[in-house]
Amino acid sequence: MAKNLIIVESPAKSKTIKKFLGKNYEVVASNGHVRDMPKSQMGVDFEHDFEPKYITIRGKGDLLASLRKEVKKADKIYLATDPDREGEAISWHLCHALKLDPKKTSRITFNEITKNAVRQSLKQSRDIDMDLVDAQQARRVLDRLVGYSISPLLWEKVKRGLSAGRVQSVALRIIADRESEIDAFIPQEYWTMEAKLSVSGVKKPLVAKYYGNPEKHEIASREEAEKIQKELEGVPFSVSSIKKSERTKKPPLPFTTSTLQQECAKHLNFPTRKTMQIAQQLYEGVQVKGHGTIGLITYLRTDSTRISEEADKACKEYISATYGEENIIEKAATPKTNGKIQDAHEAIRPTYVDLTPVQVKESLTRDQFRLYQLIWKRFVASRMHSAKYETLSVRIKAGSHQFASSGSKLVFPGFMSVYQQDEDKEEANAVLAKVTKDSELNLTELVPEQHFTQPPAHFTEASLVKTLEELGIGRPSTYAPTISTLISRRYVAKEQKNLYLSDLGDIVNQIMVSAFSTIVDVNFTATMEALLDGVAEGNVEWKTIVRNFYPDLEKAVKHAEKALEKIKIEDEVTDVVCELCGRNMVIKYGPHGKFLACPGFPECRNTKPYYEKIGVKCPKCGGEIVIKKTQKGRRYYGCENNPECDVMTWQKPSGQTCPECGGMMLEKGNKLVCADNSCGYIMEKKTDKKPES
């Protein structure tokens, strides 16, 4: 009997596939990549048209020897690595590393690891798609050129071990730009006003919000709020209109890589890397009681929301049997396309819709179960009807002023009987339902409240992934490693869910923006992604991209070397004396930013935290205001006499006092703003810049 060999990436995947096939199939794992460019050098041959130099990855020698033995026994070899560009490249590298005979080697792909999908893929085996391989080669070569050209400059000027990745540097700039927006943001005052009204025949009060006079109008100041209050004194309140209507809420689309990462970050508090690790386990196969080892979800790297006809049919049959036929939607929603979706794979969905989360719960870890449940619910919900609400809106007249109150009641849950997030929950207004045009209203309390507009939110992993996707930066497989690199390199600090730019990240970003503006340009990077897609589609030759890109990079590197030659970052000597050896300590850069170190290293290894003075006195105790950092590396400004003195602010104090209230003035872009929001005094920041002659 003919012996067939299937090579996959992971042992978990091989175990799952093996149970679907007969004895004449052997399934082995390559444990990921077997060849790559060397770490010790650029690995690109400039004299031979940017040809990448590949070597066997260290530690893979014994594995390749074992694979060669299996290859010799086989009559037919199937390469079944993941169904994306990286998977295609791994198969191509295996062909070279194992010297496989093209006549007896085929490539197979499947979007889900099920019996039907694997057997069908064997019937549809093909040659390796060199367009996909070349797209991956282009990405690797471009990333290598950027990283290995720019990183040494950062080592020389800042500290060793820093890196400047192509996509990573753009993501860092996006975070830095958001931090600048937040720092420069000046809050604007506004007011709201609520009227608490007793309704004839109803025990609970009706709460209505100020609408306008009579057109919609925002209350801008305390004076305006007080003026409205005066005008309403003794004025009768009455119902002017009641409007009933119906509103629908559409079901969500099935998950893509990006939306899965966003939802897991928001609702399960998973970092993007953790989401992908657990999803990989569910895709490759887990031991499920009564079923053996099975893959529970489809392939996890996708930007498509498409669902196969078979999966759509199976899901609708399940919905009909479980929730009733009236819950099935005829035609599922389609996304607004932005031209960047590849549609190579289906959306992320369960492989067996009738295998509910409850049925597999005891076979999964807590995190595996929570992720599977989220994917399963989202998929089933995407095939169900919209939820329907009855809405009620009441307008209340008081002289020339108008107040409004509204509420809604869920009348048909539709998809929400399966999938409901916190933001979907709405409370019905029970009092509102009892209000009629003739209801007698009496004002019991008028409550004005001061508010201030809020700055843009700090990026979270979820919102950064969403922004990268919207801008066309990176692809589904790159989001998690990009964010992980920024955090592990300490360019970005993560506190709770928020991402903050660190001192180190700020320095690296400043160098990149000043010396390599093209590399960190969002539009340029998005265009490069589109060109890589063109390679994958067979429309662009991959070396053309590299040939056009490298001369500009080389020119920028040479220019940066000259420009940065003028910048000598030397150890700054301080007046702090080392208590161990008596030398004056110097300022050094470490993973968390600046610190004090003894220049006698390695004989003396004494170090201390460094608190940089900003030349501003504490308004409370007269001590120095210094730059400090939270445990995770986020910068703030505090008094050197902490904990005795509790003065602390995220914005930089200016040293000037507020002429209105005597409080501390903070720097906000080109303005100075009083630290006391209730004062709100703003003035222009004076600059020392002399006019050009």
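None of these values were measured; they are calculated from a predicted model. (Residues numbered from 1 in each chain as written. Predicted model: local features only at pLDDT ≥ 70, side-chain atom pairs only at ≥ 80, totals over all residues. Heavy atoms only, no water.)

**Things to note about the sheet that holds strand β29 (residues 671-674)**
Read across the open sheet, the four strands follow the order β27-β28-β29-β30; overall the sheet is antiparallel. Here the strands that pair on one side only, and so sit at the sheet edges, are β27 (653-657) and β30 (682-684). Averaged over all pairs of adjacent strands, the angle between their axes in this sheet comes to 35°, without regard to strand direction. Relative to β30, β29 runs antiparallel, the two sharing three bridges. (Pairing = 2+ DSSP bridges. Helix = DSSP H or I, 4+ residues; strand = E, 2+ residues; numbered from the N terminus. Axes fitted to C-alpha atoms, helices over the stretch in contact; angles between N-to-C directions.)

**Notes on the environment of N327**
The residue N327 is located in the loop between α10 (309-323) and α11 (357-360) in this model. In sequence terms N327 and S386 are 59 residues apart; their C-alpha atoms lie 8.5 Å from each other. Those residues in contact with N327 that lie beyond four places of it in its chain are I319, R383, M384, H385, F412 and G414. (Contact = heavy atoms within 4.5 Å.)

**A short note on the sheet that holds strand β7 (residues 76-79)**
An order of β2-β1-β7-β8 is seen for the four strands of this open sheet, with the pairing classed as parallel. Looking at which strands have only one partner, the edges of the open sheet turn out to be β2 (25-29) and β8 (105-107). Averaged over all pairs of adjacent strands, the angle between strand axes in this sheet comes to 25°, irrespective of strand direction. Pairing geometry for strand β1 (residues 4-8) and β2, over five bridges, is parallel. Bridged to I6 within β2 is V27. Along the sheet, helix α2 (residues 61-73) contacts β1, β2 and β7; its crossing angle with β2, the most-contacted strand, is approximately 165°. Running at roughly 175° to β8, helix α3 (residues 85-97) makes contact with β1, β7 and β8 of the sheet.

**Notes on the side chain of Q136**
Inspection of the secondary structure puts Q136 in helix α5 (residues 130-157). The exposure class assigned to Q136 is buried, which follows from its relative accessible area of 13%. Those residues in contact with Q136 that sit more than four places away from it in its chain are R85, E86 and A89. (Buried < 20%, exposed > 50% of the residue type's maximum accessible area, 1.4 Å probe, protein only.)

**Observations concerning a positive patch on the surface**
Judged by side-chain charge, R68, K69, K72 and K99 come together as a positively charged surface patch. Along the chain, the position of R68 falls in helix α2. (Patch = residues over 30% accessible without salt bridge, like charges linked within 9 Å, V, L, I, M, F, W, Y side chains within 5 Å. Areas by Shrake-Rupley, 256 points an atom, 1.4 Å probe, with all protein chains shown as cover. Salt bridge = Lys/Arg side-chain N within 4 Å of Asp/Glu carboxyl O. Lys, Arg positive; Asp, Glu negative; His and termini not counted. Charge placed at Lys NZ, Arg CZ, Asp CG, Glu CD.)

**Regarding empty space enclosed by the protein**
If you walk through the whole model with that rule in mind, you get one cavity of 30 Å³ or more. A265, N269, F270, P271, T460, E461, A462, K494 and K497 together form the lining of the largest cavity. Partitioned by chemical class, the residues of the lining of the largest cavity number four nonpolar, two polar and three charged. (1 Å grid on protein atoms, 1.4 Å probe; cavity = no way out; pocket = protein on both sides within 12 Å on 5 of 7 lines; lining within 4 Å. Points joined across faces, edges and corners; volume = space filled by probe spheres on them. Nonpolar A, V, L, I, M, F, W, Y, C, P; charged D, E, K, R; others polar.)

**A look at helix α13 (residues 461-471)**
For an α-helix, 3.6 residues make a turn, and residues three or four places apart therefore share a direction. The set of residues buried in α13 consists of E461, A462, L464, V465, T467 and L468. Structurally, α13 contributes buried residues whose contacts are with α6 (166-184), α8 (257-268), α9 (272-284), α14 (479-488), β17 (492-495) and β18 (498-501). G472 sits one or two residues past α13 and shows a positive phi near 75°.

**Concerning the packing of aromatic side chains**
Tallied over the full model, the rule gives 10 aromatic pairs. Taken together, a centroid distance of 4.9 Å and an interplanar angle of 40° make the contact between F46 and Y550 tilted. One end of the pair, F46, is in the loop between β4 (44-45) and β5 (51-52); the other, Y550, is in helix α17 (residues 542-565), and 504 residues separate them in sequence. Relative accessible area serves as the criterion here: at 36%, F46 is assigned to the partly exposed category. Residues Y283 and Y299 carry aromatic rings whose centres are separated by 5.2 Å and whose planes lie at 65° to one another, so their mutual orientation is edge-to-face. Here Y283, found in helix α9, pairs with Y299, found in the loop between β13 (292-294) and α10; they are 16 residues apart in sequence, far enough to count as distant. In this structure, Y283 and Y299 share a single accessibility class: buried. Counting every residue linked through ring pairs, the aromatic cluster contains F46, F50 and Y550. Note that K388 overlies the ring of F412, its terminal NZ or CZ placed 5.9 Å from the centroid. A cation over an aromatic ring shows up here: R395 above the ring of Y211, its NZ or CZ 3.9 Å from the ring centre. (Phe/Tyr/Trp six-rings, centres within 6.5 Å; stacked < 30°, edge-to-face > 60°. Lys NZ or Arg CZ within 6 Å of the ring centre and 35° of its normal.)

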